Amino acid sequence: MKDVADLAGVSITTVSHVVNSTRSVAPETRARVLDAVERTGYTGDSAARTVSTSGTRTVGVAISLVANPYFGELLTAIENELSRSGYTLLLVDTHDQPSAEQAAVRTLRSRKVDGLILTPSQGGGAATVSELRQLKMPVVLVDRLTTVQDVDQVGPENIYATAGLVQHLASLGHRRIGMISGAEGLATSTERVLGYQLGLSRQKLPLDQELIVCGESAAAPAALALRRLLALPSPPTAVVAANNSMLSGVLHECRQRGVRVGRDLAVVGYDEVEWADLVDPPVTTVAQPIAAMGRTAARMLLDRIADPTRKPFTARLPTTLRHRSSCGCGL
């Protein structure tokens, strides 16, 4: 700071006021200080600011970077919303494992972040969320929600959206509809299976547990799950893939087996993918409001930091059906 002050020809106090925006400074003086900051590469003392302001203006995000490609879009939305309020983002990878998740969150806490945005791992991140609540750390859960009512959370509407996919397939005459579900222990997996069951019930179709096969939320296991379904004595004529990674596995397996999508087997998926309308036939999907979820999560966390006593809130954002031809329509 002294180097900046000497270069700009001002006092150290003036430099402090410009850098920390603690007092109005004449435009010409401010310009000289900012020029000196640029020339020296001065970044300030974040530790000192933490002491003086009781906050680092940083937010930690704990998320599995490999679990699903859509998390990149989610992170972009979170970061954009935070930066508008002068906050920066610190990112750690939970690897979608409870032990790694807990270690990642503790790493963020050691960096003195002002709050956390967390996508819970399998099991709903129960231990991690409980620890954060005990420590009164501002936290927002995103994407995978829990039944806990005293924590802020935002995610997509899973149950009715999946039910809608099933009902659409049933309206086309399908009576044997398979479900390739996500990894066990994830809230999204449970909710989408419930949606599948609700869709069958609404169409007065019987529930056959043989038609629900776990695809572990990944492409290769989903391909194996489809093999199991097609090997049944009475195989399904339509399949719902419960996320975009599993959808790609299902389509790959169809190609390997010579199964014509939309003709031999109707295929729909929960999760929009950028290539959905580029394949033949284009794939019917449910699109999540990913950017809106990211913005909402960031806004909810900043509100929680500003007012720790406000009542916790759960936001369920609506999805959009992207109707194309893989369900057999228009072929």
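Every value quoted in this text rests on a predicted model; they were computed, and no experiment measured them. One numbering rule holds for all chains: residues counted from 1, following each sequence as written. Reporting of local features is limited, given that this is a predicted model, to residues whose pLDDT is at least 70; pairs of side-chain atoms are given and counted only at 80 or more, and all residues count toward the totals for whole chains, interfaces and linings. Where side-chain values are given, they derive from all heavy atoms of the structure, hydrogens and water being excluded.

As for the overall build of the chain
(1) Moving on: Note on conventions: DSSP H or I runs of at least 4 residues are helices, E runs of at least 2 residues are strands, and numbering of each starts at the N terminus. Check the secondary structure of the chain and you find 12 helices and 12 strands.
(2) Moving on: A burial count over the chain gives 49% of its 331 residues as buried.
(3) Moving on: Per-residue and other accessible areas follow the Shrake-Rupley method at a 1.4 Å probe size, with only the shown protein chains counted as cover for residues. In the structure as shown, the chain presents an accessible area of about 15700 Å², 51% of it carried by carbon and sulfur atoms.
(4) Moving on: Across the chain, the 34 positively charged side chains and the 32 negatively charged ones have centroids separated by 3 Å. Exposure classes here rest on a 1.4 Å probe applied to the protein chains alone. A residue is buried below 20% of its type maximum, exposed above 50%, and partly exposed in between. Residues counted as positive are Lys and Arg, residues counted as negative are Asp and Glu, and His and the chain ends are not counted. One atom stands in for each charge, and that atom is NZ of Lys, CZ of Arg, CG of Asp or CD of Glu.

Overview of the sheet that holds strand β11 (residues 314-317)
(1) Moving on: Note on pairing: two strands pair once DSSP finds at least 2 bridges between them. The 6 strands are arranged β2-β1-β3-β4-β5-β11 in an open sheet whose pairing can be described as parallel. Two strands bound the open sheet, and with one partner strand each, they are β2 (88-93) and β11. Sheet twist, expressed as the mean angle between neighbouring strand axes with direction ignored, is 15 degrees.
(2) Moving on: The sheet contact formed by strand β1 (residues 58-63) and β2 spans 6 bridges and is parallel. Paired with Gly60 across the two strands is Leu90, which belongs to β2. Interaxial angle, 0 to 180 degrees, is taken between N-to-C directions of lines fitted to C-alpha atoms, where a helix line uses only the stretch in contact.

Focus on the side chain of His17
(1) Moving on: Note that His17 resides in helix α2 (residues 12-20).
(2) Moving on: Its relative accessible area of 16% is what places His17 among the buried residues.
(3) Moving on: Here a residue-residue contact requires only that any non-hydrogen atoms of the pair lie within 4.5 Å. Sequence-distant contacts of His17, that is, excluding residues within four places in its chain, are made with Thr22, Arg23 and Val25.

A few points about the side chain of Ser326
(1) Moving on: Relative to the helices and strands, Ser326 is located in the segment after β12 (320-322).
(2) Moving on: Aside from chain neighbours lying at most four places away, what touches Ser326 is Val261, Gly262, Leu265, Ala266, Val267, Pro281, Pro282, Val283 and Thr284.

With respect to helix α5 (residues 71-84)
(1) Moving on: Expected span of a helix, by definition, is 1.5 Å for each gap between consecutive residues, and there is one gap fewer than residues. Taking 1.5 Å of rise per residue, the 14 residues of α5 would be expected to cover 20 Å, and the 20 Å separating its terminal C-alpha atoms lies within 8% of that figure.
(2) Moving on: Its buried side turned inward, α5 meets β1, β2, β3 (115-118), β4 (139-142) and α12 (290-306).
(3) Moving on: Phi for Gly86, located one or two positions after α5, is positive at around 80 degrees.

Here's the deal with the pairing of β4
(1) Moving on: In β4, alternate side chains face the same way, and those of Val139 and Leu141 on one face and Val140 and Val142 on the other are all buried.
(2) Moving on: Examined bridge by bridge, β3 and β4 share 3 bridges and lie parallel to one another. Bridging from a neighbouring strand, Leu118 pairs with Leu141 of β4.
(3) Moving on: Note that β4 and strand β5 (residues 152-156) share 3 bridges and pair parallel. Counted as the bridge partner of Val140 is Asp152 from β5.

So, unusual backbone geometry
(1) Moving on: The amide bond that connects Asp280 to the next residue, Pro281, takes the cis arrangement and shows omega of 0 degrees.
(2) Moving on: With phi around 55 degrees, Arg57 is a residue other than glycine that occupies positive phi space.
(3) Moving on: Within the secondary structure, Arg57 sits in the loop between α4 (46-53) and β1.
(4) Moving on: Although it is not a glycine, Asp271 sits at a positive phi angle of roughly 110 degrees.
(5) Moving on: By secondary structure assignment, the location of Asp271 is in the loop between β9 (266-270) and β10 (284-287).
(6) Moving on: Note on Asp271: relative accessible area 2%, which makes it buried.

The analysis is restricted to geometry; functional conclusions fall outside its scope.
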